[in-house]
Amino acid sequence: MQFQGLRIGVTGGAGFLGRHVVRRLQARGADVFVPRSFEFDLRTEVGVRSFYQAAQPRMVIHLAAVVGGIGANQANPGKFLFDNAMMGLQLIEQGRIYGLEKFVGLGTICAYPKYTPIPFQESELWNGYPEETNAPYGLAKKLMLVQLQAYRRQYGLNGIYLLPVNLYGPGDNFDLETSHVIPAMIRKFWAAVSRGDGSVTLWGTGNASREFLFVDDCAEAIVLAAERYNAPEPVNIGNGREISIRELAAMIADEVGFKGEIAWDVSRPDGQPRRCLDTSRAQALLGFRAGTPLASGLRQTVAWWRDNHDAKAAASQA
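The paragraphs below set out a description of the structure included in this document. (Residues numbered from 1 in each chain as written. Predicted model: local features only at pLDDT ≥ 70, side-chain atom pairs only at ≥ 80, totals over all residues. Heavy atoms only, no water.)

Details of the sheet that holds strand β4 (residues 102-106)
Note: strands within a sheet are paired through backbone hydrogen bonds, in either parallel or antiparallel orientation. Overall, parallel pairing links the six strands, which are arranged β2-β1-β3-β4-β5-β10 in an open sheet. Looking at which strands have only one partner, the edges of the open sheet turn out to be β2 (31-33) and β10 (235-237). Recorded for the sheet is a direction-independent mean angle of 25° between the axes of neighbouring strands. Sheet analysis places β4 next to strand β5 (residues 158-164), joined by five bridges and oriented parallel. By the bridge assignment, Val 104 is partnered in β5 with Ile 160. Together, β1 (7-11), β3 (59-62) and β4 form the strand contacts of helix α4 (residues 77-98), whose direction differs from that of β3 by roughly 175°. (Pairing = 2+ DSSP bridges. Helix = DSSP H or I, 4+ residues; strand = E, 2+ residues; numbered from the N terminus. Axes fitted to C-alpha atoms, helices over the stretch in contact; angles between N-to-C directions. Contact = heavy atoms within 4.5 Å.)

Written out as structure tokens, the structure is:
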């Protein structure tokens, strides 16, 4: 699809990932509409109908999600399941009724089975149950894939489904109650340096592995998929490189300037043992290859936190 003048509704377009996606779409000439949660409740039929009436989109890119780290998933399994499932169900159904030309659904790596062989291939998606701490969220987002494939067969709706790995970057959520691993570690190490603490305690054993994708790289992959991809099979979005949480912690501590001890609370869960994607399908079908090394992305993320944290602190003291 050509983006010049194309009306596109981007749910979650004001969020961490969404801002990057919207900026790239606008740079390509798209006419972007971003629904805000205080105006449109995308969990409800009424809210979604109002969104379609206001946006008049030819394409919808669905990025909105109720999401968080392991602790947030453990505390809110019902909410994470219901809110995410209802948004997907309503947006796709009302889009079908409205006559939408294309729907781009963003899933989650949490949809994969707990013990998926490394690297995760899209063909493994149904070969087991997701890791328990985030299974409700993962299954809610996975339902969107089933719905899009069913609606393609019955109604001819051109719906595609992308599976991004863990994202990070400037502007991420640094709230310790709801943030993911990288911003949580940055904030913990930063606080330790500020207080002069000699140690920082992190969850789990540190032995689990993860793959991380810089947010702007993910935005480029989504825009490429919206432009070029029109098939029912899911597509992994990542960089294909994993790192242990222990190694990641050492990198972040060094970047922040923390020189003390890193302790591990083994009473806390690790989550899924390993995560690393096979990204060959994205390379072949989208022409996408991640371009930001982890060290560079972490440096940019820590710099953003440093600048914005200091600005907020100065403002609160004024």
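The discussion continues.
Here's the deal with the nonpolar core
Soluble, globular proteins show a tendency: their nonpolar side chains are buried together. Membership of the largest hydrophobic core comes to 65 residues, with the highest contact counts inside it found for Leu 17, Leu 25, Ile 61 and Ile 237. Among the elements that take part in this core, helix α7 (residues 215-228) stands out by supplying nine residues, more than any other. Those residues in contact with Ile 237, other than ones at most four positions away along the chain, are Leu 162, Leu 163, Pro 164, Val 165, Leu 213, Cys 218, Ala 221, Leu 277, Ala 282, Leu 286 and Phe 288. One finds Ile 245, Leu 248, Phe 258 and Trp 264 within the second-largest nonpolar core, a separate group that totals 26 residues. (Core = buried A, V, L, I, M, F, W, Y, C linked by side-chain atoms within 4.5 Å. Buried < 20%, exposed > 50% of the residue type's maximum accessible area, 1.4 Å probe, protein only.)

What to know about helix α2 (residues 45-55)
Looking at α2, one finds that the buried residues are Gly 47, Val 48, Phe 51, Tyr 52 and Ala 55. For α2, the buried positions fall inside an angular range of 135° around the axis, keeping them on one side. Opposite the packed face of α2, turned more than 90 degrees from it, sit the exposed residues Val 46 and Gln 53. Buried-residue contacts for α2 involve β1, β2, β3, α4 and β4. Directly beyond the C-terminal end of α2, a positive phi value near 50° is found at Gln 56. (Arc of directions from axis to C-beta.)

Section: the packing of helix α6 (residues 181-195) against helix α8 (residues 245-256)
Put simply, α6 and α8 touch, their axes get as near as 9 Å, and they point 45° apart. With respect to each other, α6 and α8 are oriented oblique. Classified by chirality, the crossing of α8 by α6 is right-handed. For the pair α6 and α8, contact is made by Val 181, Ile 182, Met 185, Ile 186, Phe 189, Trp 190 and Val 193 and by Ile 245, Leu 248, Ala 249, Ile 252, Ala 253 and Val 256, respectively. Split by residue class, the contact of α6 with α8 holds 13 nonpolar, no polar and no charged. (Parallel < 35°, antiparallel > 145°, perpendicular 65-115°, else oblique. Left-handed = near helix turned anticlockwise from the far one by under 90°. Nonpolar A, V, L, I, M, F, W, Y, C, P; charged D, E, K, R; others polar.)

Details of the pattern of salt bridges
The full count for this structure, using the stated rule, is 17 salt bridges. Measuring nitrogen to oxygen at the nearest pair gives 3.1 Å for the salt bridge that ties Arg 7 to Asp 31. In this pair, Arg 7 sits in strand β1 while Asp 31 sits in strand β2, placing the two residues 24 residues apart along the sequence. Glu 227 is paired through a salt bridge with Arg 228; the nearest N and O atoms lie 3.7 Å apart. The partly exposed category is assigned to Glu 227, whose relative accessible area is 23%. Arg 228 sits in the partly exposed class, given a relative accessible area of 47%. Through salt bridges with shared partners, one network takes in Arg 23, Arg 24, Arg 28, Asp 216 and Glu 220. (Salt bridge = Lys/Arg side-chain N within 4 Å of Asp/Glu carboxyl O.)

A few points about α4
Between its first and last C-alpha atoms α4 spans 31 Å; for 22 residues at 1.5 Å apiece the expected length is 32 Å, and the two agree. If you check which residues of α4 are buried, you get Phe 80, Asp 83, Asn 84, Ala 85, Met 87, Gly 88, Gln 90, Leu 91, Ile 92, Gln 94 and Gly 95. In this structure, the buried side of α4 is in contact with β1, α2, β3, α3 (70-75), β4 and α5 (135-155). Looking at the residues trailing α4, positive phi occurs at Gly 99, about 100°. (Expected span 1.5 Å × (residues − 1).)

Everything listed is a geometric property; what it means functionally is a separate question.
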